[in-house]
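Descriptive structure summary
In case you want the letters, here they are:
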Amino acid sequence: MSNNDLVRANIGLEAFETINDLEELAEVLSARTADDYFLEVVADELTDMEVNLIKRLTRTTTLTQYHTVDYKPEKYPMLTGFVLLLEDKDGKGVIHRTAVEGLKKFIFDVDALEQLLTDDDEELETDSEYLNKLPEHVRNLVHGIGEDITLKNELEMYPFNGLQIIVKNLNFAVDHGMGQTEEDVIYSVLTNPEYMKKALVNLPYETILFLKSAVENDDRYFKVNQKTESLFHFGMSMEIDSHGCIYPEVFQTLKHVNLKRMVAIAKGGVSLAEYNAMRVKVTLKDTHVPIIRELIIPARLNFFELHLVIQRAMGWWTSHLAKFSAGDKFIHMYGTYEENAEFSRPGTIHLNGIETMVDGVLIEHGELTYLYDYGDHWEHDVELMELLKEPPVVYPSVDKRKGPIPIEDSGGVHGFEETMRILEDETHPEHEDVTMWVKSTNYRKTYQKQQINKKLKELFAGGAPIMNDDVY
């Protein structure tokens, strides 16, 4: 045992006591090799390579009280850091046999359990699409553990420094003066939707995108990879032999968080304090051929202005009534329709589009519904895709588009698609009449993106809020 071990001891064991000399270190280490609490803490910190070493040593016979291995702190950082692997000579190190046997008790033996489950003839079917694709014995293993594990129980077994790391990653503080513990804070954050929203902004975009998909598919099991590994560092999931499982309490909380909104905020890496524009995707619903427009809109538009942008981008003519809706909010383009409030469900809020700003509602909900022409019922999904930091002056514009221009007054989606079929079939008995009618509506088959963006720039060049559609 060397003075290097004494230095490492005062780092690796600082949570327990201070070691003053080599003789005292020898006494402490002798006691520690039989201390289950200490060995459990160490076992939780071991790297995969160190776990494999302990498993191998338990199958190895030694004639002394020590196992001899290569002394490589970079290869076995936790064992050397906690001074269980001691430097000997000639590049070798020793680890006490009692320490190996003690650590093995707290290392989950996946291989043995997999073999046990392989011998079970009963095949398990789960509600998880991910698990059902795995081999039977692996599925039984992961599901059997995942269904019994909870965040609350796991937090009780976490090493203290692991809890500190999770709290730091979540970007919350522990008020020890008020009697809070790290476990209290982590559990509160991950089981409260409001706190969870604040914590999620610290996760990588790809991880939030994965969580959105997991909730949509109602599947909390997953493969551990670059997209998902940060979930462990934030205390949201546990790992079972290269597979992951989001804790049930955390998964239920995620179902009450608007993950579409969180994806949009995280995507561009632009904070709510920095953005001055938004990327928005408008999709006409229920069409066989996708009709989509991706728009760039400046911050602080009112809903009437967004209505005009969508009209121009889709190819509509502002000939009918329109409204937006999100949750319990209905935003009308012409008045608040308070006179019809008696027909609304309790709790419905009716707002005026000119007086209501887009940012707050769209960022809160992540998506809206835009309905144009209450007769033909052209319904659009309006989804916030990304917050942007653009040059100081931003004009609304169409960035990308897909699909044809819909035909006004054609009878909604079904009527429009039937009209398009007749136009494309010159042998159809109504082809000539329908062609003449479509021409009379000033319908343009070619989408003129450059011209549309020029018109939008002219429309918004004045800077002042637009209050009516006379300028359209």
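The preceding data block contains the structure.
Residues numbered from 1 in each chain as written. Predicted model: local features only at pLDDT ≥ 70, side-chain atom pairs only at ≥ 80, totals over all residues. Heavy atoms only, no water.

1. Re the overall build of the chain
On a plain count of helices and strands, the chain comes out with 22 helices and 14 strands. Across the 472 residues that make up the chain, the buried fraction comes to 47%. Sequence separation of 24 or more characterises 64% of the internal contacts of the chain that already satisfy a separation of 6 or more. Carbon and sulfur atoms provide 49% of the accessible area of the chain, an area that totals close to 24,600 Å². (Helix = DSSP H or I, 4+ residues; strand = E, 2+ residues; numbered from the N terminus. Buried < 20%, exposed > 50% of the residue type's maximum accessible area, 1.4 Å probe, protein only. Contact = heavy atoms within 4.5 Å. Areas by Shrake-Rupley, 256 points an atom, 1.4 Å probe, with all protein chains shown as cover.)

2. Some points on the sheet that holds strand β12 (residues 367–372)
Taking strand neighbours across the sheet as the criterion, the 8 strands line up as β11-β10-β9-β12-β13-β7-β8-β14 in an open arrangement whose pairing is mixed. Two strands in the sheet have a free side with no partner beyond their single neighbour: β11 (349–352) and β14 (397–402). Direction aside, neighbouring strands of the sheet carry axes that sit 25° apart on average. Sheet analysis places strand β7 (residues 277–284) next to strand β8 (residues 292–298), joined by 7 bridges and oriented antiparallel. In the sheet register, Arg279 faces β8, and the bridge partner there is Ile296. Contacts between helix α17 (residues 259–267) and the sheet are confined to β12 and β13 (378–388), with β13 contributing the most and set at about 40° to the helix. (Pairing = 2+ DSSP bridges. Axes fitted to C-alpha atoms, helices over the stretch in contact; angles between N-to-C directions.)

3. Structural notes on the pattern of salt bridges
Counted according to the given criterion, the structure contains 14 salt bridges. The salt bridge partner of Glu129 is Lys133, with a shortest N-O separation of 3.7 Å. For the pair formed by Glu129 and Lys133, the shared burial category is exposed. A salt bridge links Arg279 to Glu294, with the shortest nitrogen-to-oxygen separation between them at 3.2 Å. Of this pair, Arg279 sits in strand β7 while Glu294 is found in strand β8, placing the two residues 15 residues apart along the sequence. Residues joined in a network through salt bridges with shared partners are Arg279, Glu294, Glu386 and Asp399. (Salt bridge = Lys/Arg side-chain N within 4 Å of Asp/Glu carboxyl O.)

4. Description of the sheet that holds strand β1 (residues 66–70)
If you trace the 3 strands from one edge of the open sheet to the other, you get β1-β3-β2, paired in antiparallel fashion. Whereas interior strands pair on both sides, the edge strands pair on one side only; in this sheet they are β1 and β2 (85–87). Neighbour to neighbour, the strand axes of the sheet diverge by 35° on average, direction disregarded. Summarising the sheet, β1 and strand β3 (residues 92–96) pair through 5 bridges and their orientation is antiparallel.

5. With respect to the packing of aromatic side chains
Here the structure, examined in full by the defined rule, presents 9 aromatic pairs. Centroid distance Phe324 to Tyr370: 4.7 Å. Interplanar angle 35°. Geometry classified as tilted. One end of the pair, Phe324, is in strand β9 (residues 322–326); the other, Tyr370, is in strand β12, with 46 residues separating them in the sequence. With centroids separated by 6.3 Å and ring planes inclined at 70°, the aromatic side chains of Trp378 and Phe416 adopt a geometry described as edge-to-face. Residue Trp378 is found in strand β13, and its partner Phe416 is found in helix α20 (residues 412–424); the two are separated by 38 residues along the sequence. Within the aromatic cluster, the residues linked to one another by ring pairs are Trp316, Tyr372, Trp378 and Phe416. A cation over a ring is seen here: Lys152 above Tyr187, with NZ or CZ 4.8 Å from the ring centre. For Lys323, the ring lying beneath its charged end belongs to Tyr374, and the centroid distance is 5.4 Å. (Phe/Tyr/Trp six-rings, centres within 6.5 Å; stacked < 30°, edge-to-face > 60°. Lys NZ or Arg CZ within 6 Å of the ring centre and 35° of its normal.)

6. A word on the packing of helix α4 (residues 48–58) against helix α6 (residues 97–105)
Across the interface, α4 lies against α6 with an axial gap of 9 Å and an inter-helix angle of 115°. Crossing hand, α4 versus α6: left-handed. Residues Ile54, Lys55, Leu57 and Thr58 of α4 pack against Val100, Leu103 and Lys104 of α6. Considering only residue class, the contact of α4 with α6 consists of 4 nonpolar, 1 polar and 2 charged. (Left-handed = near helix turned anticlockwise from the far one by under 90°. Nonpolar A, V, L, I, M, F, W, Y, C, P; charged D, E, K, R; others polar.)

7. Notes on the nonpolar core
Judged by nonpolar contacts, the single largest core of 54 residues is most densely connected at Met278, Phe303, Ile310 and Phe324. For this core, the element with the most residues is helix α18 (residues 303–314), which contributes 8 residues. When sequence neighbours within four positions are dropped, the list of residues in contact with Phe324 reads Phe303, Leu306, His307, Ile310, Lys329, Phe330, Ile331, Met333, Leu368, Thr369, Tyr370 and Val382. (Core = buried A, V, L, I, M, F, W, Y, C linked by side-chain atoms within 4.5 Å.)

8. Here's the deal with the environment of Lys449
Along the chain, Lys449 falls in helix α22 (residues 449–460). Overall, Lys449 belongs to the partly exposed group, its relative accessible area being 33%. Distance from Lys449 to Lys400, taken between C-alpha atoms, is 8.7 Å for residues 49 residues apart in sequence. The residues touching Lys449, leaving out its near neighbours within four places in the chain, are Val398, Asp399 and Lys400. Here the side chain of Lys449 touches Asp399 through a polar contact of 2.6 Å, landing on its backbone oxygen. (Polar contact = N/O pair within 3.5 Å; in protein donor to acceptor, adjacent residues only side chain to side chain.)

From the geometry alone we can't say anything about function, so treat these as descriptive.
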